[in-house]
Each structure stands twice: as C-alpha cells, then as structure tokens.
Amino acid sequence: MEKKLNIAFVAPEVVPYAKTGGLADVAGALPKFFPEAGHTVKLFLPKYKKIDPKKFKLKKLQSKITFKIADRNEIASVFTTELVSGVTVYFIDNSAYFNRDELYGERGKDYQDNDLRFSFFAKAVLELCKRMDFQPDIFHCHDWQTGLIPTYLKTLYREDPFFADSATLFTIHNLAYQGLFPPESLSALGLGRDVYTSDTLEYYGKVSFIKGGLVFSELLNTVSQKYSREIQTEEYGCGLEGLLAARKQDLFGVVNGIDYDDWNPETDPMIAGNYSVADLAGKSFCKKELQDEYQLPHKDLPLIGIVSRLADQKGFDLINEVIDEIMKMDLQLVLLGTGEPKYHEMFEEIKKKYPQKAGVALAFDAKLAQKIYAGSDLFLMPSRYEPCGLGQLISLRYGTVPIVRRTGGLYDTIINYDQKNGNGFAFTAYDSKELLQTIAKAIGVYADKKTWKRIQLRGMKADFSWHASAKKYLDLYRKAINIKRK
Ligand code: ADP
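Going along each chain's sequence as written, the residues are numbered from 1 onward. Totals for whole chains, interfaces and linings use every residue, but because this is a predicted model, local features are given only for residues with pLDDT of at least 70 and side-chain atom pairs only at 80 or more, for both listing and counting. Values reported for side chains reflect all heavy atoms of the structure, with hydrogen atoms and water molecules removed beforehand.

Focus on the overall build of the chain
Step number 1: A count of helical and extended segments in the chain gives 18 helices and 21 strands.
Step number 2: Each of the three principal axes of the chain carries a C-alpha extent, and together these read 65 × 45 × 40 Å.
Step number 3: By the burial criterion, 59% of the 486 residues in the chain qualify as buried.
Step number 4: Within the chain, contacts between residues at least 6 apart in sequence are counted, and of these 71% link residues at least 24 apart.
Step number 5: Total accessible area on the chain is roughly 20,400 Å²; 49% of this is exposed by carbon and sulfur atoms.
Step number 6: When charges are counted, neither His nor the chain ends are considered; positive counts come from Lys and Arg and negative counts from Asp and Glu. Charge placement uses NZ in Lys and CZ in Arg. For Asp and Glu, CG and CD serve respectively. Distance from the positive charge centre (66 side chains) to the negative charge centre (62 side chains) of the chain: 3 Å. Put simply, DSSP marks the helices as runs of H or I at least four residues long and the strands as runs of E at least two long, and each gets a number from the N terminus on. Burial here depends on accessible area, computed with a 1.4 Å probe over protein chains only, as a share of the maximum for the residue type. Under 20% is buried, over 50% is exposed, and the range in between is partly exposed. Two residues qualify as a contact provided that any one of their heavy atoms is within 4.5 Å of a heavy atom in the partner residue. Calculation of accessible area relied on Shrake-Rupley with a 1.4 Å probe; when residues are assessed, cover is drawn exclusively from the protein chains displayed.

Here's what the structure looks like:
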C-alpha cells in the first residue's frame, strides 16, 4: 500500500475565509479530497483583518511562534479551525502585517511591505510545522505569495533534517502576478546575494517571489494544460518563458474543478428557483429575479452575464470597442465586478447609455454572483489570457452557456458549438470583430429553443468536479516526493 501523506497546503487566500479570485476557490475545495484517502492535510493562510474569528470559530493557540528573519525578531500568533474533518486550518497572524483592510493592497496599489508580510508568513509556516512536529511530505504552494517557502527550504533550511524529505509542488494560478521587489529587499528577507542571479530570484533588476517558487520547487503546475504550454511562449510567459521552457519536463497542467456541492442549481438556496437536468423550469424564475435585481424589463431576450475582476486580463477592451454594436442586438447584459477604475467608468457609461438593456453592479458580491450564474442565458469571458477560469465552469453547471475566447483553461473546457457538438461559443483571435460575430451567432442559436436546450444540458451533464483533478494532484505530489528523495 502507498504511504499516506502529510500535506502542507499553503495559500494566500482560501474560500470561505478570504477571497479575491479563483485561487481561493481552489484552495478551499481541493484539500477536502485528501482526508478521505487517509492523508493528513494542514492548510496555512494569513489571518487577515477580514477573517472574523467568531464567524469561523477560530481558536487561538496558546503559545506564539518566535523566529528571526534577517536581524528582526518576529512573533506569530496562530489561530486554528477545521475546514472539514481531516483538514485543519492554521491562520498566521501578526497585526503589524495583516490587520489591514485588504489582502495585498488597495485600489490596484500593492502594499509596499508585501515582501516582509509574505516572508513573515512563509517562515512562520515552516516554524509552525516544526513546533507541531508536522513533517510535510509535500508543501503545495500557490502563487507568488508562497514563493519563499521553496526558497527558504532550499537555502536557510537546506541542512535542516526536519525538512530533509519535504518536497514542493508550486502551482501557478496567474503568472502575471509575480511579487516583485527592489533588490534591497533581499537582505530583509534573510537571503544572500547567491540567490540574486538570473537563474534564481533576480528578474530584470528586481527580486521576484514567483521565481522562488519556479526555481526551487521540485515540480510546477498551472491550472490548465493549454496555459502550461502558453506560458512557455513570449506572448504569455511574462518574461519567464525561458525558465518555464527549460523546466518543461517538470511543468504540468491540471485543470481546476469546482465544488459541485456548493455550486448546484438543484439545491442552491440563493436562487429564486431550483432546477436540474431533469427539469429546467426553475431557471426562468432565476432570470426574472436577476432582471429585477438589475431593474431590467422582464423580456424573453437572451441575457448575458459577466462576473469578473475588472482587469486588463479579462478582455474588457474588446467589449468596449464593439459595445454599441452589441447593444443593437436583441439582448440584455448584466455585469458584476470590481477592479480598475477605467473599467468602472466604462461600465457606468454603458449603464447610462443603455438603461433598458444593461445592468451594472460594481461590487464584490458572492450572492449576486450566484444569481447571475443561475439567471443568465449566456456567460461572457473574452479573456486575453485565462490560466483556468472558474466562471465558465460554474456557468456550465447552471445551464448558462459560455461565450469565451479560446485561451488557457477556456480552450481546455469550452467546445465551440458547431451544429452537432459543443457546450458553448468560442472565438480564437483577440479581436473585437470576432467577439461580436460570436455573440451574434450565440444569439441566433438561442432563438432555436430545442438546440439551445441541448447545448445547456451538455454543459450541465459534464463533470468538472474536483474528483479527477484531485487524483492528478496526488500523482504530482508522489512524483515530487520521488524527485526529492532521489
Ligand atoms: P480570476 O481568478 O482570474 O479572478 P476565475 O474565473 O478563476 O478568475 O475565478 C473568479 C472567481 O471569483 C469566480 O468564482 C467568480 O465567480 C468570482 N468573482 C469574481 N468577481 C466577483 C465579484 N465581483 N463578486 C463575486 N464573485 C466574483
């Protein structure tokens, strides 16, 4: 029998505690699959101000963790709770670092001391493992905020027998966010010049946290197959394509799942009518409620939903180029999102110009998001790049047909409708004309109710739950462990 693993799952955000994007959904769902196979999972994240100790029944550990980074004496308090039976969550706290309104920064500006905040977090996690006598077989780290875990393991803790058998898998959820800091940062992190070279942490004159993950981990993966190939090219590699291509034997793609219990139109308590593959009738109540929510008339027009961070990545410039043509079609459009001010302005303008056809909510609102997934007919994601994308998967589950640009995880999960097959509508070039044509095609097919239902049901019947992907992650853990022990 294969050995049961000690898994340290380290993430900067985790549903239900703190979330800014899809990474949090992944970190909150994937670990739940491991205890049933007998593995022990400990999940680590910072204790941000947003996380309400009462709501999540956090217990504070009696003793604090003390350690040094460079010449600073650091103290971490630790809170714990259980995500599910078998997954204990550890919240690392220090009010100077984490008692702030946001996770990483405000209004698109990162906190200046994110290097200190996340080196504190990384080192506290390692020290806490030692304190608990929890020897991870695998550290599963996510995005730049955790890049110093593999870095410290291969530098400061290199000779530490406690971690001699601990391997690292580093998951890239979005390569564009890299955690870049001035070179002076290096000494404050307790690291030497030896890791400030082009094949270690140095990136165009800066210290790169994500490079720490990419260079020092046994294995790497991204959240779709397509994105794992794309990031080895100049167009998508964000300057790291050379490094990633050099490590392509160690770089895998594992598509994200979604939590099929949380996202279930049959049982979802947030939506106006429940429905299923057997009976879609409830979906029309959801649509009416959504129209009410956005003060749009109850018309049987195709309703397009968008739930998204408002960032360049998501393709809003394409929408902006052809919004007047889109609005000439017989349809309604609702948006939920927050992010860059220029897109807030863009959508406010659209709402002003087309009050009968467009609804806009500039907020982060999980309940409203659920209503959009359920109440829309179509879900729009014209991303410039998309590591995996969860919106299209949630939409499929709710019988809401995605319109996507064929990139990254959207390429892997959405099959363009072509008379016979398909679970959505997809275009290839990053081009507003293609977007427009694809929306027009979708609207045309919508008019044919029988065909439409077939497309909806194909999406609803597909399995994008975590089962298959969780097994692939376990395989990667074992592979990483084998590499480490060789
Ligand atoms: P990314 O991680 O790039 O933001 P994903 O599609 O992988 O994109 O995941 C986004 C997740 O965040 C989805 O679960 C989506 O529903 C949710 N989300 C994005 N913006 C909002 C918002 N304004 N309100 C509520 N949920 C949102």
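What follows continues from the structure just given.
Some details on the site of the ligand
Step number 1: Consider each residue's heavy atoms; a residue with any of them within 4 Å of a molecule or strand counts as near. Surveying the vicinity of the ligand reveals 22 residues, the closest of which are G22, R309, A363, Y373 and L390.
Step number 2: Definition of a polar contact: a pair of N or O atoms within 3.5 Å, with one able to donate and the other able to accept a hydrogen when the atoms are protein atoms, and with sequence-neighbouring residues admitted only if both atoms are side-chain atoms. In this structure, G22 approaches the ligand through a main-chain N or O atom, which is 2.6 Å from an oxygen atom.
Step number 3: A distance of 2.8 Å separates a nitrogen atom of the ligand from a polar atom in the backbone of A363.
Step number 4: Mapped by element, the contributors of at least two residues to the shell around the ligand are α1 (22-29), β16 (303-310), β17 (332-339), α13 (366-375) and α14 (391-397).
Step number 5: Each residue belonging to the shell around the ligand can be placed in one class, and the counts come to 10 nonpolar, 7 polar and 5 charged.
Step number 6: Lining the shell around the ligand are residues from two domains, each supplying at least three of them: domain 1 (6-257 + 467-485) and domain 2 (282-463). For this classification, the nonpolar set comprises Ala, Val, Leu, Ile, Met, Phe, Trp, Tyr, Cys and Pro, the charged set comprises Asp, Glu, Lys and Arg, and every other residue, Gly included, is treated as polar. Segmentation into domains, and thus their bounds, comes from an automatic or database assignment.

Here we look at the sheet that holds strand β11 (residues 180-181)
Step number 1: Pairing in this open sheet of 3 strands is antiparallel, and the strands run β11-β13-β12 from one edge to the other. The strands lining the two open edges of the sheet, one partner per strand, are β11 and β12 (202-203).
Step number 2: Should DSSP find at least two bridges between two strands, the strands are regarded as paired. Across 2 bridges, the pairing between β11 and strand β13 (residues 206-208) is antiparallel. Within β13, the residue paired with L180 across the bridge is S208.
Step number 3: Note on geometry: axes are lines fitted to C-alpha atoms, helical ones only across the stretch in contact, with angles between N-to-C directions running from 0 to 180 degrees. The strands that helix α6 (residues 209-216) touches are β11, β12 and β13; relative to β13, the one it contacts most, it runs at about 50°.

Brief notes about the pattern of salt bridges
Step number 1: Put simply, a salt bridge is a Lys or Arg side-chain nitrogen that is within 4 Å of an Asp or Glu carboxyl oxygen. Tallied over the full model, the rule gives 24 salt bridges.
Step number 2: In this structure, D101 engages K49 in a salt bridge whose closest nitrogen and oxygen atoms are separated by 2.8 Å. Taken together, the positions of D101 in the loop between α2 (95-98) and β7 (105-106) and K49 in the loop between β2 (40-46) and β3 (59-60) put the pair 52 residues apart, joining distant regions of the chain.
Step number 3: Judged by relative accessible area, which is 41%, D101 ranks as partly exposed.
Step number 4: What makes K49 partly exposed here is its relative accessible area of 43%.
Step number 5: Three or more residues are tied together by salt bridges with common partners; here these are K3, D137, D165 and R485.

Some words on the packing of aromatic side chains
Think of a pair of aromatic rings as described by two things: how far the centres are apart, and how the planes are tilted against each other in angle.
Step number 1: When two rings of Phe, Tyr or Trp (its six-membered ring) have centres within 6.5 Å they constitute a pair, described as stacked for plane angles under 30 degrees, edge-to-face for angles over 60, and tilted for the intermediate range. Counted according to the given criterion, the structure contains 30 aromatic pairs.
Step number 2: A ring pair is formed by Y104 and F118, whose centres lie 6.1 Å apart and whose planes are at 50°; its orientation type is tilted. With Y104 in the loop between α2 and β7 and F118 in helix α3 (residues 114-131), the pair connects residues that are 14 residues apart, well separated along the chain. Both residues of the pair, Y104 and F118, count as buried.
Step number 3: In this structure an aromatic cluster arises from ring pairing among Y48, F67, Y97, F98, Y104, F118, F120, F121, W144, F181 and F209.

Observations concerning the pairing of β2
Step number 1: Judged by how many residues are buried, β2 sits mostly within the fold: 6 of 7 residues are covered.
Step number 2: For a crossover, the right-handed case is the one in which the path from the first strand over the helix to the second runs clockwise, viewed with the strands pointing away from the viewer. Of the crossover connections in this fold, the one passing from strand β1 (residues 6-10) over α1 to the parallel β2 is right-handed.
Step number 3: Bridge count for β2 against strand β6 (residues 87-93) is 6 bridges, and the pairing is parallel. Within the sheet, the bridge partner assigned to K42 lies in β6 and is T88.

Describing helix α18 (residues 467-485)
Step number 1: Across its 19 residues, α18 extends 28 Å between first and last C-alpha, which sits within 8% of the 27 Å expected from 1.5 Å per residue.
Step number 2: Within α18 the residues assigned to the buried category are S469, A470, Y473, L474, L476, Y477, R478, A480 and I481.
Step number 3: Residues of α18 that are buried sit in contact with β1, β9 (138-142), β10 (167-172), β14 (219-222) and β15 (251-253). By definition here, a helix of n residues has an expected span of 1.5 Å times n minus one.

Overview of the nonpolar core
Step number 1: F139 and Y477 are the most contacted members of the largest nonpolar core, which totals 98 residues.
Step number 2: Among the elements that take part in this core, α3 stands out by supplying 9 residues, more than any other.
Step number 3: Sequence-distant contacts of Y477, that is, excluding residues within four places in its chain, are made with L5, I7, F9, L30, F34, I138, H140 and L169.
Step number 4: Counting 37 residues, the second largest nonpolar core, distinct from the first, contains L333, L335, V401 and I455. Joining through side-chain atoms within 4.5 Å is the link that ties buried Ala, Val, Leu, Ile, Met, Phe, Trp, Tyr and Cys residues into a set, and such a set is a nonpolar core.

Some points on the packing of helix α9 (residues 282-293) against α13
Step number 1: It is at 8 Å that the axes of α9 and α13 come closest, and there the two elements cross at 130°. Taken together, the axis directions place α9 and α13 in an arrangement best described as oblique. Here α9 and α13 pass one another in a crossing that is left-handed. Facing α9, whose interface residues are K283, C286, K287, E289, L290 and E293, α13 presents L368, K371, I372, Y373, A374 and G375.
Step number 2: A class-by-class count of the residues in the contact of α9 with α13 yields 6 nonpolar, 1 polar and 5 charged. Throughout this description, any angle smaller than 35 degrees is read as roughly parallel, any larger than 145 degrees as roughly antiparallel, any in the 65 to 115 degree range as roughly perpendicular, and the remainder as oblique. Crossing handedness is defined as follows: a turn of the near helix away from the far one that is anticlockwise and smaller than a right angle gives a left-handed crossing, while the clockwise case is right-handed.

Re the state of the cysteines
Step number 1: The disulfide criterion is simple: two cysteine sulfur atoms within 2.5 Å. Following the criterion strictly, the structure yields 0 disulfides and no others.
Step number 2: C129 forms no disulfide, and the closest cysteine sulfur to it belongs to C141, at a distance of 10 Å.
Step number 3: With relative accessibility at 0%, the residue C129 sits in the buried group.

Any functional reading would require information beyond the geometric quantities listed.
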